[in-house]
There are 2 protein chains.
Amino acid sequence: MDAAPAPDAGPSAAHDPKPEAKARRATIGDVAERAQVSKSAVSFVFNGRSGVSEAARARILEAARELDWRPDSRARALSRSRAQALGLVVRREPELLSTDPFFPQFVAGVESGLSGLGYALVLQVVDGEETERAAYHQFARESRVDGVFLTDLRADDERPAQLDGLGLPYVLVGPVPPVDGRPRPIGVDDEAGVRRAVRHLYALGHRSIAHVAGAPGYVHSDLRRRAWEREMVELGLEPDLVVVADFSGASGARATHELLDLPRPPSAIVYGNDLMAIAGISVATERGIRVPHDLSVVGFDDVPLAAFVVPPLTTVRQEVIEWGRACARTLIALVEGREPEEVRLPPVEFVVRGSTAAARHRPGAAAGR
Amino acid sequence: MDAAPAPDAGPSAAHDPKPEAKARRATIGDVAERAQVSKSAVSFVFNGRSGVSEAARARILEAARELDWRPDSRARALSRSRAQALGLVVRREPELLSTDPFFPQFVAGVESGLSGLGYALVLQVVDGEETERAAYHQFARESRVDGVFLTDLRADDERPAQLDGLGLPYVLVGPVPPVDGRPRPIGVDDEAGVRRAVRHLYALGHRSIAHVAGAPGYVHSDLRRRAWEREMVELGLEPDLVVVADFSGASGARATHELLDLPRPPSAIVYGNDLMAIAGISVATERGIRVPHDLSVVGFDDVPLAAFVVPPLTTVRQEVIEWGRACARTLIALVEGREPEEVRLPPVEFVVRGSTAAARHRPGAAAGR
DNA sequence: CTGAAAGCGCTAACAC
DNA sequence: GTGTTAGCGCTTTCAG
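Report follows, based on the coordinates. Nothing here was measured: the structure is a model prediction, and the numbers come from that model.

So, how was this worked out
Residues numbered from 1 in each chain as written. Chains lettered and ligands numbered in written order. Predicted model: local features only at pLDDT ≥ 70, side-chain atom pairs only at ≥ 80, totals over all residues. Heavy atoms only, no water. Salt bridge = Lys/Arg side-chain N within 4 Å of Asp/Glu carboxyl O. Helix = DSSP H or I, 4+ residues; strand = E, 2+ residues; numbered from the N terminus. Expected span 1.5 Å × (residues − 1). Buried < 20%, exposed > 50% of the residue type's maximum accessible area, 1.4 Å probe, protein only. Contact = heavy atoms within 4.5 Å. Near = heavy atom within 4 Å. Polar contact = N/O pair within 3.5 Å; in protein donor to acceptor, adjacent residues only side chain to side chain. Nonpolar A, V, L, I, M, F, W, Y, C, P; charged D, E, K, R; others polar. Least-squares fit on C-alpha atoms with pLDDT ≥ 70 in both.

## Concerning the pattern of salt bridges
Pairing is possible between side chains that carry opposite charge, provided their charged atoms lie close to one another. All told, the structure shown has 62 salt bridges over all chains when counted by the stated rule. One network of salt bridges, in which partners are shared, links A:Glu191, A:Arg195, A:Arg199, A:Arg230, A:Glu231 and A:Glu234.

This is the structure in structure tokens:
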């Protein structure tokens, strides 16, 4: 208590970051001066433009290093009329947020696509349609970002039209059917994954294969459901055992009960995601139905836990990180007015683990022919 | 091939957002003109400062609405010398990224704390120490953000010192012991959760309680481990059964094998997180050891799946969203030079499910006394 | 209470 | 090749 006006007053959570290093941050002018060149020369060097002699260039780089100077992103953004940032608006129900394997992986992929290109990723989490719309509006009107990723597309999604109106470039992320006049969507082939799952079960002798669908209205839920339907039909089976759930564990449990309560329960279930599948296994086990002996189960996503539940989950895996990277690169090309490279993503992978097995012949079950 | 220089050339994923609406975005000048006032009047209104008559104020708001104008964040950032953005650098190994329930929830919480305050969240995912350091450096030197969240603190973490050097404000996120001269950390009481888990098992008659620790070097891993140790000692038990893992499912499985291979395997295991615990259950089951009949298991995190595995996992839950919100508010106060409010987070919750049960008296097991 | 004017730090024409 | 200069759109003194 002897240091008079103590610079650090009070036991707060605050942290005052000016011990004395409040020395004005270097600017492009300082660098130019130190390197004996004009500001534009410095600018040119840091923007990869020609027109600076090798000698000057070396001095500039050296001066910048000595001053630890980097172009101020705010000033740069203002004068280039570009934010140098890309936006991602995530709309999620609380329960799904921390379960969804997509979001973190996608973000990681996007980052790796952005890396070194001078773009930042601006994230916004919203909880409803209204706030979602407002988020895009704000991104655009405040020039926070130069473009956005559109994920979790819904049937009749209004966001593409909204963004067109706002003049904000975007990439459609997901297994979305292309629409003329719209940017081509970037996504993996969910359909192929589901079809392989159904065929796999068929090959194991299953003829009564149910589907627990994800939240309706989302393109990826509906697509997975239709893929199941189509494959069933192609195999000559009736696609009648479907329960609509919402991707949550609770809904998966509920749907499973519903299916198992049927007079003729299915011998296999294809779930719209792993979370529902794992909940389904839990429900079956609880009811004394052994997986995979009495019931085969397939998930979708291949969450890291999938390999560690009992029994290990047979599921469909996508390379989400790769996917995010491709989206980032495409969006950058887009906002910079360049032609994006053709995107070619690895196909989905069908991962067979312990939750699927040969169908047991149950008397009374709808066996083949 | 007849439309000469077609404005939309090629079947690309690109999307050109200028159908004609390239109408120059409104600026503060347009609003001022329309409202018959000066630019500063508009600025004052949008910054909540007094000095504008009610009439003028109303006209300004009306004009802004008509023009759909919002202050340009880039220009505002430049003139206020503030980015109006907060940064989060996430360093994660690929496998853990999509499993970790913390990250998405924390982000959601931060967003809800930011909401309406005009700050954006800038995210960066990095994969190593070097890129991590570079990320903070870049955030600071380019003035991308006004402050950052520091998560996943490590013992002897160099980031606080780095950020002090860079003059970038931060909040420490986690169950970190406070250090004088540093901003007070914001976190929940991991220790209490682990201690409750151990006491719970003790009350069930377990005397041989092992711990599978998370990645060493992280404050939260070490804290959980020490909490287990301390509680064991207080209960008069020997804290000798500990295996160091790394939070991944694979490591949890390995650690579990190791413990079960012991001549006198534990009757209960407290894991550093749910993922390892679930992998542990899987391993035990595989080996013919029934959970909870032969082995009790406790996790940490309460991932959404925890309730749906077989058996449902007894675990410790934290209110991560609430936590993120508090961090956001504190950091904003910090960067704005205000005194942050005292943070009071809800205590951890111990969730008892089906993976713990009374200890079975095994002959030869180290029973009480 | 209102208006004019000087920046914020950088980019990009445009002369030299 | 290199330097000069005028903005980018907003905030914020400082006169009126």
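Having seen the model, we can carry on.
## A short note on helix 13 (residues 320–335) of chain A
Because an α-helix completes one turn every 3.6 residues, residues spaced three or four positions apart along the sequence face the same direction. Residues and elements named next belong to chain A. For helix 13, built from 16 residues, the straight-helix expectation of 22 Å at 1.5 Å per residue is met to within 8% by its first-to-last C-alpha distance of 22 Å. In terms of burial, helix 13 is largely enclosed, as 12 of its 16 residues are buried. Where helix 13 is concerned, the buried positions are Val320, Trp323, Gly324, Ala326, Cys327, Ala328, Thr330, Leu331, Ile332, Ala333, Leu334 and Val335. Its buried side turned inward, helix 13 meets strand 1 (85–91), helix 6 (102–114), strand 3 (147–150) and strand 4 (170–172).

## Focus on the protein's contact with DNA strand C
Lining the immediate environment of DNA strand C, one finds 22 residues, of which A:Ile28, A:Trp69, A:Ser79, B:Ser38 and B:Ser53 sit closest. For DNA strand C, the fraction of atoms within 4 Å of the protein that belong to sugar or phosphate moieties is 66%. Here a phosphate oxygen of DNA strand C and a side-chain polar atom of A:Arg49 are 3.5 Å apart. Take B:Ser53: an N or O atom from its main chain is 2.6 Å from a phosphate oxygen of DNA strand C. Of all the elements, helix 4 (residues 73–80) of chain A adds the most residues to the surface near DNA strand C, at four residues. Here the residues of the surface near DNA strand C sort into seven nonpolar, 10 polar and five charged.

## Overview of the relation of the copies chain B and chain A
Of the two same-sequence chains, chain B is brought onto chain A (RMSD 0.1 Å, axial shift 0.0 Å) by a rotation of 180°. Here the symmetry operator amounts to a two-fold rotation axis. Closest approach to the rotation axis within chain B is made by the C-alpha atom of B:Val122, at a distance of 2.3 Å. The fraction of interface residues of chain B whose copies in chain A are also interface residues reaches 99%, indicating that both copies meet through the same surface.

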